[in-house]
Amino acid sequence: MVTIDVAVRAGALLGECPLWSPEESVLYWEDIDGRLVHRYDPETGIDETRSIPGRPGSMVRTGQAGRLLIAAENELVWFDWESGTVTPWVTLETPGTGNRLNDGRTDPAGRYWVGSMYEVAADRRFTGQLYRIEGDGSFSVIRREVGVPNALSFDPERDRMYFADSLHSTIWAYDYDLDTGTARNETVFTEFSGLPGRPDGACVDSEGCLWVAAVHGGAVLRFAPDGRLDRRIDVPVTKPTMTAFGGRDLGTLFVTSIGGGGSHPPTGQPGDGDLLAIDAGATGVPDAPFASA
């Protein structure tokens, strides 16, 4: 039986990027339009926030507890939770283009993959790019003409990478060479025709299944490694945005959501913008910390 709890009644404008920190036993997550980084402790129920200067699109762990690497606006910045200090590191996109950085995740070797998008998704502009960032700060543009990059996930058991463009309502799968960080042999993993909403953020569980937040669809979908829809969990938010496993034994599925305001119109549904915690009967795979040089 699936149990869904509201972990934090946050009312976030644009909740995103839940990230479990096993060293601290806390969940970091973001409010992009609110320019906030949250830190939630499941044991105490306390959710704290820190403001940052730009909109945080995604973030990854580092080798130091409480220190994150955040993709904010057009650049990567180091962020220290205790002090709230933000230190610019690498600029990925030219300022003033209307693009901002969005979904991202480390591969199992610690490279940071992150995509950019035009800041108003409703304009359907394909001006974004997909980047791969190495530990020394060097980066490569892997894909161009991206609409809204999402669902970046890795399945180390199958040497596989996932990537979605929400404007195409499609998730692709790739053969992934961990030694070189190369994604090859693109195939359509699943298309959202006939499914609720569009694909947003995702994560892989210990069985190699992909858990996808169906934004605008009020559901979280689990796909088997062969692309078959395995489970559907209807959630009490209109626009779930991203999934991540955390908590004790990585047995809780956390889901962020859009509340409305900023770049998104309000939905009027109570609970939108909250952080959910789901006992879905599955366990996750921890993300690797960024392998900085």
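The notes below deal with the structure included here. Just so you know, these numbers come straight off a predicted model, no measurement behind them.

### Overview of the side chain of Asn74
Thinking step 1. For Asn74, the position within the fold is in the loop between strand S7 (67–72) and strand S8 (75–80).
Thinking step 2. At a separation of 2.8 Å, a polar atom in the side chain of Asn74 contacts the main-chain carbonyl oxygen of Glu93.
Thinking step 3. Excluding residues that lie within four positions of it along the chain, Asn74 makes contacts with Thr91, Leu92, Glu93, Thr94, Pro95 and Leu101.

### Overview of the sheet that holds strand S23 (residues 252–257)
Thinking step 1. On the basis of which strands lie adjacent, the open sheet formed by four strands has the order S1-S24-S23-S22 and antiparallel pairing. Looking at strand neighbours, the two that pair on one side only are strand S1 (3–8) and strand S22 (240–246), the edges of this open sheet. Here the average twist between neighbouring strands, direction ignored, is 25°.
Thinking step 2. Note that S1 and strand S24 (residues 275–279) share five bridges and pair antiparallel. Looking at S24, one finds that Ile4 is bridged to Ile278.

### Observations concerning the sheet that holds strand S17 (residues 182–191)
Thinking step 1. Reading across the sheet, the four strands line up as S14-S15-S16-S17 and stay open at both edges, with antiparallel pairing between neighbours. Of all strands in the sheet, those with a lone pairing partner are strand S14 (149–155) and S17, marking the two edges. If you compare each strand with its neighbour and ignore which way they point, the axes differ by 20° on average.
Thinking step 2. Relative to strand S16 (residues 170–177), strand S15 (residues 160–165) runs antiparallel, the two being bridged by six bridges. Bridged to Ala164 within S16 is Ile171.

### Re the pattern of salt bridges
Thinking step 1. Inspection of the entire model under this criterion finds 22 salt bridges.
Thinking step 2. Arg222 is the partner of Glu207 in a salt bridge, and the nearest nitrogen-oxygen pair spans 2.9 Å. Highlighted residues: Glu207 in the loop between strand S18 (198–204) and strand S19 (210–215) and Arg222 in strand S20 (residues 219–223), separated in sequence by 15 residues.
Thinking step 3. Ionic pairing is found between Arg228 and Asp226, a salt bridge with its closest N-O pair at 3.8 Å.
Thinking step 4. A relative accessible area of 45% means that Arg228 is categorised as partly exposed.
Thinking step 5. Using a relative accessible area of 57% as the deciding quantity, one classes Asp226 as exposed.

### Observations concerning the environment of Glu119
Thinking step 1. Inspection of the secondary structure puts Glu119 in the loop between strand S11 (112–118) and strand S12 (128–133).
Thinking step 2. Once residues lying within four places of it in the same chain are set aside, the contact partners of Glu119 are Arg55, Gly98, Asn99, Arg100 and Ser263.
Thinking step 3. Engagement of the side chain of Glu119 in a polar contact is seen with the side chain of Arg55, the distance being 3.0 Å.

### As for the side chain of His38
Thinking step 1. Take His38: it is sitting in strand S4 (residues 36–41).
Thinking step 2. The exposure class of His38 is buried, given its relative accessible area of 6%.
Thinking step 3. Among the polar contacts listed, one links the side chain of His38 to the side chain of Asp47, at a separation of 2.7 Å.
Thinking step 4. Contacts of His38, omitting those with residues within four sequence positions, involve Ala10, Leu27, Tyr28, Trp29, Glu30, Asp31, Asp47, Glu48, Thr49 and Trp81.

### Notes on the pairing of S14
Thinking step 1. Counting buried residues along S14, seven of its seven residues qualify, which places the element largely inside the surrounding structure.
Thinking step 2. Bridge analysis of S14 against S15 gives five bridges, and the strand direction is antiparallel. Across the sheet, Ser153 pairs through a bridge with Tyr162, a residue of S15.
Thinking step 3. What sits between S14 and S15 in their antiparallel hairpin is a turn of four residues, with Asp159 showing a positive phi close to 50°.

Cut-offs applied
Residues numbered from 1 in each chain as written. Predicted model: local features only at pLDDT ≥ 70, side-chain atom pairs only at ≥ 80, totals over all residues. Heavy atoms only, no water. Helix = DSSP H or I, 4+ residues; strand = E, 2+ residues; numbered from the N terminus. Polar contact = N/O pair within 3.5 Å; in protein donor to acceptor, adjacent residues only side chain to side chain. Contact = heavy atoms within 4.5 Å. Pairing = 2+ DSSP bridges. Axes fitted to C-alpha atoms, helices over the stretch in contact; angles between N-to-C directions. Salt bridge = Lys/Arg side-chain N within 4 Å of Asp/Glu carboxyl O. Buried < 20%, exposed > 50% of the residue type's maximum accessible area, 1.4 Å probe, protein only.

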